[in-house]
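# Observations on the three-dimensional arrangement
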Amino acid sequence: MIEFLKQRFASPSKNAYAVITGAGSGIGRSFALQLAARNGAIVCSDIDLESAKETVALVEQAGGKGYAVTCDVRDAKQVEKLAQQSEKLLGHPVTLIINNAGVGLGGKFDEMSLDDWKWCMDINLWGVIHGCHYFVPGFKKQGHGAIINVASAASFTAAPEMSAYNVTKAGVRALSETLFSELRKDNIRVNVLCPTLVPTNIIKNGRIPGRYSKLADHALMNYAMTTSDDVAKLTLNRLDKGELYTTPQIDAKMFWLMKRASPNLYAKFLGFSYRFVNNKEA
Ligand SMILES: NC(=O)c1ccc[n+]([C@@H]2O[C@H](COP(=O)([O-])OP(=O)(O)OC[C@H]3O[C@@H](n4cnc5c(N)ncnc54)[C@H](O)[C@@H]3O)[C@@H](O)[C@H]2O)c1
């Protein structure tokens with residue numbers, strides 16, 4: 001009973017034994033550095049091992065402990081191995097998994113290939129499902145644990161020309177919402193991060209049509225209101241408070257409220273704005 005209460009009021013971001021997917025860049029790297037500052041030991045996994053090693057070097061400079069591992073989250077077997085390998089590297093059962101790896105995909109629905117859909121679904125949605133699938137059993141066994149799933153404000157904004165990305169992120173949000181209630185009795189916390197623009201390499205690493213990629217990257221790098229460090233810090237604080245959602249920016253909060261207040265009106269407004277912008281460009 002005392003152990004149960006201790007875990008219920010604990011701060012999972014402090015002294016964590018954490019695993020992060022897609023830790024070689026952007027938000028994943030920021031999570032690693034924030035956890036290091038909270039005395040964590042972190043397995044930094046990425047499909048690109050060199051970038052994961054760079055993150056580990058930064059973690060160590062910050063006084064934390066880090067381990068670089070290759071893992072392609074599309075492959076269930078690699079994520080299963082990541083779970084086993086992490087416990088050995090950390091010398092302790094994992095207490096926090098951050099399912100962060102993700103890619104950007106844009107373009108008109110009828111111009112998007114099924115191969116692009118599959119690529120995006122495999123990384124953004126299946127990657128998170130794999131992470132939850134292979135880490136939850138260990139959390140149940142030890143009687144506590146924490147999950148951060150990185151979705152996006154796209155999970156509810158449903159902006160045009162982002163259909164596949166929106167679908168994957170809506171799936172991540174639905175999964176997180178379900179697990180939040182289902183795993184509460186097992187002392188497993190869940191937080192889902194839903195940001196709008198954060199300056200990272202997501203556009204450069206993504207499949208964004210040429211006509212937008214420069215503009216989108218410019219907007220991301222110059223007009224984003226929040227840094228990846230701010231986003232990671234806030235998410236960890238919200239996880240510690242036992243909250244489900246992290247919507248860091250004011251625009252994300254406004255879209256969330258508008259959509260919930262009147263979903264029909266919101267969709268009409270989006271359609272009108274999209275037509276207006278396209279007519280202006282034509
Ligand atoms: N940057 C934004 O504006 C923004 C907004 C909302 C949500 N997000 C989400 O944040 C998460 C992190 O993205 P970011 O913005 O830091 O982008 P990023 O491109 O800087 O980092 C993504 C990392 O994921 C890794 N990765 C890609 N495919 C992988 C795979 N198959 N297996 C393992 N790792 C893989 C990349 O190598 C890279 O290191 C993503 O899920 C993204 O959808 C980003």
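Quick summary incoming for the structure in this document. (Residues numbered from 1 in each chain as written. Predicted model: local features only at pLDDT ≥ 70, side-chain atom pairs only at ≥ 80, totals over all residues. Heavy atoms only, no water.)

To continue, consider helix α5 (residues 114-142). The end-to-end C-alpha separation of α5 is 41 Å, in line with the 42 Å expected for 29 residues at 1.5 Å each. In the structure, α5 departs most strongly from a straight axis at W126, where the bend amounts to approximately 35°. Phi turns positive, to about 85°, at G143, one or two residues after α5. (Helix = DSSP H or I, 4+ residues; strand = E, 2+ residues; numbered from the N terminus. Expected span 1.5 Å × (residues − 1). Bend = angle between axes of the 7 residues up to and from the residue.)

Phi angles above zero are rare outside glycine, and N39 is one such case at about 70°. Take N39: its relative accessible area is 57%, and that puts it in the exposed class. Non-glycine residue A158 carries a positive phi angle of around 55°. Positionally, A158 belongs in the loop between α6 (154-157) and α7 (163-182). (Buried < 20%, exposed > 50% of the residue type's maximum accessible area, 1.4 Å probe, protein only.)

Moving on: the environment of V56. Tracing the backbone shows V56 in helix α3 (residues 49-61). Here V56 is in contact with C44, G66, Y67 and A68, once residues within four sequence places are set aside. (Contact = heavy atoms within 4.5 Å.)

Another aspect to go through is the site of the ligand. Neighbouring the ligand are 30 residues; S25, D46, N100, Y165 and T200 lie closest to it. One nitrogen or oxygen atom from the side chain of Y165 is found 2.6 Å from an oxygen atom belonging to the ligand. K169 is positioned such that a nitrogen or oxygen atom in its side chain is 2.9 Å from an oxygen atom of the ligand. Considering the ligand on its own, with 830 Å² of exposed area, one finds that the protein chains cover 94% of that surface. When contributions to the shell around the ligand are tallied by element, the ones reaching two or more residues are α2 (26-37), α7 and α8 (202-205). The residue makeup of the shell around the ligand, split by class, is 15 nonpolar, 11 polar and four charged. (Near = heavy atom within 4 Å. Polar contact = N/O pair within 3.5 Å; in protein donor to acceptor, adjacent residues only side chain to side chain. Areas by Shrake-Rupley, 256 points an atom, 1.4 Å probe, with all protein chains shown as cover. Nonpolar A, V, L, I, M, F, W, Y, C, P; charged D, E, K, R; others polar.)

Next up on the list: the nonpolar core. In terms of nonpolar packing, the biggest core is built from 42 residues, with V19, L82, F135, F139 and I147 touching the most fellow members. Elements that contribute at least two residues to this core include exactly β2 (41-46), α4 (76-90), α5, α7, β6 (188-193) and α11 (250-261). The biggest single contributor to this core is α5, with 10 residues. The residues contacting F139, other than those within four sequence positions of it, are V94, T95, L96, I97, H144, G145, A146, I147 and I188. Among the nonpolar cores identified, the runner-up in size contains 24 residues, and I20, A32, A36 and C44 belong to it. (Core = buried A, V, L, I, M, F, W, Y, C linked by side-chain atoms within 4.5 Å.)

It is worth spelling out the packing of α2 against α3 at this point. α3 packs onto α2 with a crossing angle of 25° between their chain directions and a minimal axis gap of 9 Å. For the element pair α2 / α3, the angle class is roughly parallel. Of the two elements, α2 crosses α3, and the hand of that crossing is right-handed. Residues R29, A32, L33 and A36 of α2 touch α3, and the partners they reach there are S51, E54, T55, L58 and V59. (Axes fitted to C-alpha atoms, helices over the stretch in contact; angles between N-to-C directions. Parallel < 35°, antiparallel > 145°, perpendicular 65-115°, else oblique. Left-handed = near helix turned anticlockwise from the far one by under 90°.)

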